[in-house]
Amino acid sequence: MSRSGARIRPSEQLEESLRDALLTEIDAALAECDRLASWEQPERRDAVHELRRALKRFRAGASLCKGAVDGVEVRSVQEEVRATAERLSATRDRDVLVETIGSVVRIFPQTSRRSAQAIAVALLAPEKATTASADWHQAAAIIRGQLEAMRTRMLAADLRAVAPDSLSDAIARRWRRARRAAAVPWNAAHLDALHEVRKECQRLSLQLHLVSRLGPRARLERLARRLGRVVSAIGEDRDLGLLEGLLRDRRGEFPDPRQVDAMLAEIRDRRASCLRSARKRAGRVLARKARVVRSLVMRGR
């Protein structure tokens, strides 16, 4: 079951509350390592998902420390996060591809839907031998070691320079970056730029959730949710785009190319809808100036 991210507690010393929140995310990731070594595949898949979520939340919080603590220290922690996430990405990407195929083949009648899905999964997202239980046990042990090293480093990090103004300034800078990133053509020809928009909005959403108790909680959490919807819409476009490319590249391997054409038409329509929705949502939420968001975090106005 998905858990809500940790938050900074305003009643405590800010630097220690931030440290506790970041350690909570590391501990959540550590707790998933046991499930990562499970014999049951659904359990492992869920563990991968929750590990990635905890690591993203940690990374978002750690990035608020830039300028307030030793930059080398923060970068080393983030490198540990990145290395851990890379070990998980291939498995998660395959799961997402399988889910995307399942959603696209719904255009077919029930009589042919199951076979169309089975063929597409077999050709485009085959199960690999590296998912054997022994390999997962080894991966869990390596990831646990990385996470424990991250935890030790976080415990020793000097966060005394962390203050409300440094947190609000960091979020304001991220907000300006998101606004600049969003000033691009919202179409499939600019996927790299849209990925940047998604990355900035996701980091902002997680950061606003983390600091939501420092300002007006309802307003900050509402902003976080609205940014999250932008992230979801762009992410869906990205997933559909990945499937579209695979279908085009391997169309000749399908027994019925007409089914591929039908899936490609469905993907084009859905991608256009996703980008329209993402652009509309991003335009609304990012219409606020960075100074307004900074004020919310800093003074609760």
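Structural data are supplied above this passage.
Before going into details, it helps to say that this report is about the structure given with it.

How each quantity is defined
Sequence order as written defines residue numbering, which begins from 1 separately in each chain. In keeping with the predicted nature of the model, local features appear solely for residues at pLDDT of at least 70, side-chain atom pairs appear and are counted solely at 80 or more, and the whole-chain, interface and lining totals rest on all residues. To obtain the side-chain values, all non-hydrogen atoms of the structure were used and water was disregarded. For our purposes a nonpolar core is just a set of buried Ala, Val, Leu, Ile, Met, Phe, Trp, Tyr and Cys residues, chained together by side-chain atoms within 4.5 Å. The cut-offs for exposure are 20% and 50% of the maximum accessible area for each residue type, with area from a 1.4 Å probe on protein chains only; residues under the lower value are buried, those over the upper are exposed, and the others partly exposed. Numbered from the N terminus, helices here are DSSP runs of H or I no shorter than four residues, and strands are runs of E no shorter than two. Contacts are residue-level and defined by heavy atoms, with any inter-residue pair within 4.5 Å sufficient. Using a grid of 1 Å spacing that covers the protein atoms alone, one calls a set of points a cavity when a 1.4 Å probe fits there but cannot get out, and a pocket when the set is open and has protein on both sides within 12 Å along at least five of seven lines; lining residues are those with an atom within 4 Å of a point. Grid points are joined across faces, edges and corners, and a volume is the space filled by probe spheres set on the points. In this scheme, patches are assembled from residues that exceed 30% relative accessible area and form no salt bridge. Like charges are connected within 9 Å, while nonpolar side chains (Val, Leu, Ile, Met, Phe, Trp, Tyr) are connected within 5 Å. Calculation of accessible area relied on Shrake-Rupley with a 1.4 Å probe; when residues are assessed, cover is drawn exclusively from the protein chains displayed. Any carboxyl oxygen of Asp or Glu within 4 Å of a side-chain nitrogen of Lys or Arg constitutes a salt bridge here. The sign given to each residue is positive for Lys and Arg and negative for Asp and Glu; His and the chain ends receive no count. The location of each charge is read from NZ of Lys, CZ of Arg, CG of Asp or CD of Glu. Under the convention used throughout, the expected extent of a helix is 1.5 Å for every residue step, that is, one less than its residue count.

**Details of the nonpolar core**
By size, the foremost hydrophobic cluster in this structure holds 65 residues, and its most contacted members are Leu147, Trp175, Leu208 and Leu286. Counting residues per element, the ones that place at least two in this core are α1 (14-36), α2 (41-62), α5 (133-156), α6 (164-181), α7 (191-210), α8 (217-249), α9 (257-285) and α10 (290-299). Apart from residues no more than four positions distant in its own chain, leucine 208 is found in contact with Ile171, Trp175, Leu220, Leu223, Ala224, Leu227, Val293 and Val297. Core analysis: the second largest hydrophobic core is formed by 20 residues, Ile101, Val121, Leu243 and Met263 among them.

**Some words on empty space enclosed by the protein**
On inspection of all chains with the given rule, the structure shows 1 cavity of 30 Å³ or more. In this structure, the largest cavity occupies an estimated 40 Å³ of space. Lining of the largest cavity is provided by Ala116, Ile119, Ala120, Phe254, Pro255, Asp256, Gln259 and Met263. Breaking the lining of the largest cavity down by element, the ones donating at least two residues are α4 (110-124) and α9.

**Some words on a positive patch on the surface**
Among the surface-exposed residues, Arg219, Arg222, Arg225, Arg229, Lys280, Arg281 and Arg284 lie close enough to one another that they form a single positively charged patch. Elements with a minimum of two residues in the positive patch: α8 and α9. Considering each element in turn, the positive patch owes the most residues, 4 residues, to α8. Of the residues examined, arginine 219 reaches a relative accessible area of 39% and is grouped as partly exposed.

**Focus on α6**
In an α-helix there are 3.6 residues to a turn, and that puts residues three or four apart on one side. Compared with an ideal rise of 1.5 Å per residue, which puts 18 residues at 26 Å, α6 spans 26 Å between its outermost C-alpha atoms and is within 8% of the ideal. Looking only at α6, the buried set comprises Ser166, Leu167, Ser168, Ala170, Ile171, Ala172, Arg174, Trp175, Ala178 and Ala181.

**Topic: α9**
Counted at 1.5 Å a residue, the expected span for α9 with its 29 residues is 42 Å, and the 42 Å between its end C-alpha atoms agrees. Taken as a whole, α9 has its buried residues at Gln259, Val260, Met263, Leu264, Ile267, Arg270, Arg271, Cys274, Leu275, Ala278, Ala282 and Val285.

**Notes on the environment of glutamate 196**
Structurally, glutamate 196 is set in helix α7. Spatially, the C-alpha atom of glutamate 196 lies 9.4 Å from that of arginine 177, the residues being 19 residues apart in sequence. Setting aside residues no more than four positions away along its own chain, glutamate 196 makes contact with Arg177 and Ala181.

Geometric values such as these leave the question of function open.
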